[in-house]
Amino acid sequence: MIYADYNATAPVRPEAKQAMMAALDVGANPSSVHGPGRAARKLLEQARSQIGLAIGARAQDLIFTSGGTEANALALNGVVAQLDGKCTLLVSAIEHEAVTKNAGYAGVPVETAYVTPEGTLDLQWLQDRLAKWDLSRDGTPILALMMANNETGVIQPVMEAATMVREAGGLTHCDAVQGLGKVMVNVGLLGVDYLALSAHKVGGPQGVGALWVRSGAPLKPVLFGGGQERSLRSGTENLSGIAGFGAATEAAIRDMPKLQALATHRDAMEAKLASEAGITVFGAGSDRLAQTSNFAIPGFRAETQVMAMDLGGVAVSSGSACSSGKVKRSLVLSAMGVEDALAESAIRLSFGWDSEIADFDAAAQVWLDAARRTVLKSA
Ligand code: PLP
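First things first, this report covers the structure right here in the doc. (Residues numbered from 1 in each chain as written. Predicted model: local features only at pLDDT ≥ 70, side-chain atom pairs only at ≥ 80, totals over all residues. Heavy atoms only, no water.)

Digging into the sheet that holds strand β13 (residues 347-350)
Think of a sheet as strands paired side by side through backbone hydrogen bonds, with each pair either parallel or antiparallel.
Okay, step 1: Pairing in this open sheet of four strands is antiparallel, and the strands run β9-β10-β13-β12 from one edge to the other. Only two strands of the sheet have a single neighbouring strand rather than two, namely β9 (280-281) and β12 (317-318).
Okay, step 2: As judged from the two bridges shared by β9 and strand β10 (residues 292-296), these two strands associate in the antiparallel manner. Bridge assignment links threonine 280 to a residue of β10, and that residue is alanine 296.
Okay, step 3: Contacts between helix α11 (residues 262-277) and the sheet are confined to β9, β10 and β13, with β10 contributing the most and set at about 10 degrees to the helix. (Pairing = 2+ DSSP bridges. Helix = DSSP H or I, 4+ residues; strand = E, 2+ residues; numbered from the N terminus. Contact = heavy atoms within 4.5 Å. Axes fitted to C-alpha atoms, helices over the stretch in contact; angles between N-to-C directions.)

Considerations on a nonpolar patch on the surface
Okay, step 1: Residues Met159, Met184 and Leu189 make up a contiguous nonpolar surface patch of about 320 Å² in total accessible area.
Okay, step 2: For leucine 189, the location among the structural elements is in helix α8 (residues 187-190). (Patch = residues over 30% accessible without salt bridge, like charges linked within 9 Å, V, L, I, M, F, W, Y side chains within 5 Å. Areas by Shrake-Rupley, 256 points an atom, 1.4 Å probe, with all protein chains shown as cover. Salt bridge = Lys/Arg side-chain N within 4 Å of Asp/Glu carboxyl O.)

Quick notes on the pairing of strand β5 (residues 140-144)
A regular strand places its side chains on the two faces of the sheet in alternate fashion.
Okay, step 1: Most of β5 sits out of view: five of its five residues are buried.
Okay, step 2: Of the two faces of β5, the one lined by Thr140, Ile142 and Ala144 and the one lined by Pro141 and Leu143 are each fully buried.
Okay, step 3: In this sheet, β5 lies alongside strand β3 (residues 87-92) in parallel orientation, the contact comprising five bridges. If you follow threonine 88 over to β5, its bridge partner there is proline 141. (Buried < 20%, exposed > 50% of the residue type's maximum accessible area, 1.4 Å probe, protein only.)

If you want it as structure tokens, here you go:
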């Protein structure tokens, strides 16, 4: 089977497995003061340092969570709570539901920040909106802008947007779940205030993530209990998961040049499918993650393609796959102005650390064979 669904979950890296097994063997609570507890704490802090190093952050500014979703939820609800709701959330139109839905439930006004047809935040729109900002009426502006989109791979102008927001007296939260290990993520250079990460997108285990919070940035906890993670996220830490996250992150940063080199093969695959089947590639005019490809041809329904690819031995997602596996209209493609008829045929291929060059050719061939049997036959 060729696995081309890394943006959903990357297979666990050997380094992560090894670190997880070692952590399981410790078998103690990192908050305990005895020797085994201290050994657990050492592993926890080692992982924090590995992840901090990867994003140019101080380890102590990272809070471990149960995943990317919780990291986003903590950032948005935590800042709103600390500001007593005196803020307005500006949420980019292409954010993951972990951001849009938490923003929607945060109990403060939410405005959609538009994107261009190429799938990047419309900086002109942001500038115009901030120019009209009324701090007494709108409160603090809080922008939520992801590092790279999970469906299209389009990389966002986070640094530029965060600068504008900061100059307007606001704060920026960045969901970097799809960015880590694929592009450089440096919190200082980005100039953001909060940044969410998830282990299972970099070859760590599922169910572990982290939120980086700039020292001094407003944040109230949303979960209360034993006071772990500087009282910002109570609950005994998932030690083996976190150890796997740290090891996977270190390996992902080491392997980043190799991952970025996949762009050549991704581009060749897209060029072949464009010339032989006339596909439309979404976000092709923007900087994209090297390993992501989202494309469509009219009339070839996404579900049909995903099934045909699966039968042909290639695991992919529909461009709009949601967590339940059902296909629904892609809000990302809609936000980019893609017509429903075309968006319904969008599929996403995403490669990663264990992909081989031959996988791109093989995936393209399986897709072309399926297209020739169905939609291209009638063309
Ligand atoms: N943000 C983005 C951009 C994602 O792609 C995902 C995962 O699909 C998440 C957040 C949620 O992360 P997790 O699955 O760790 O909760």
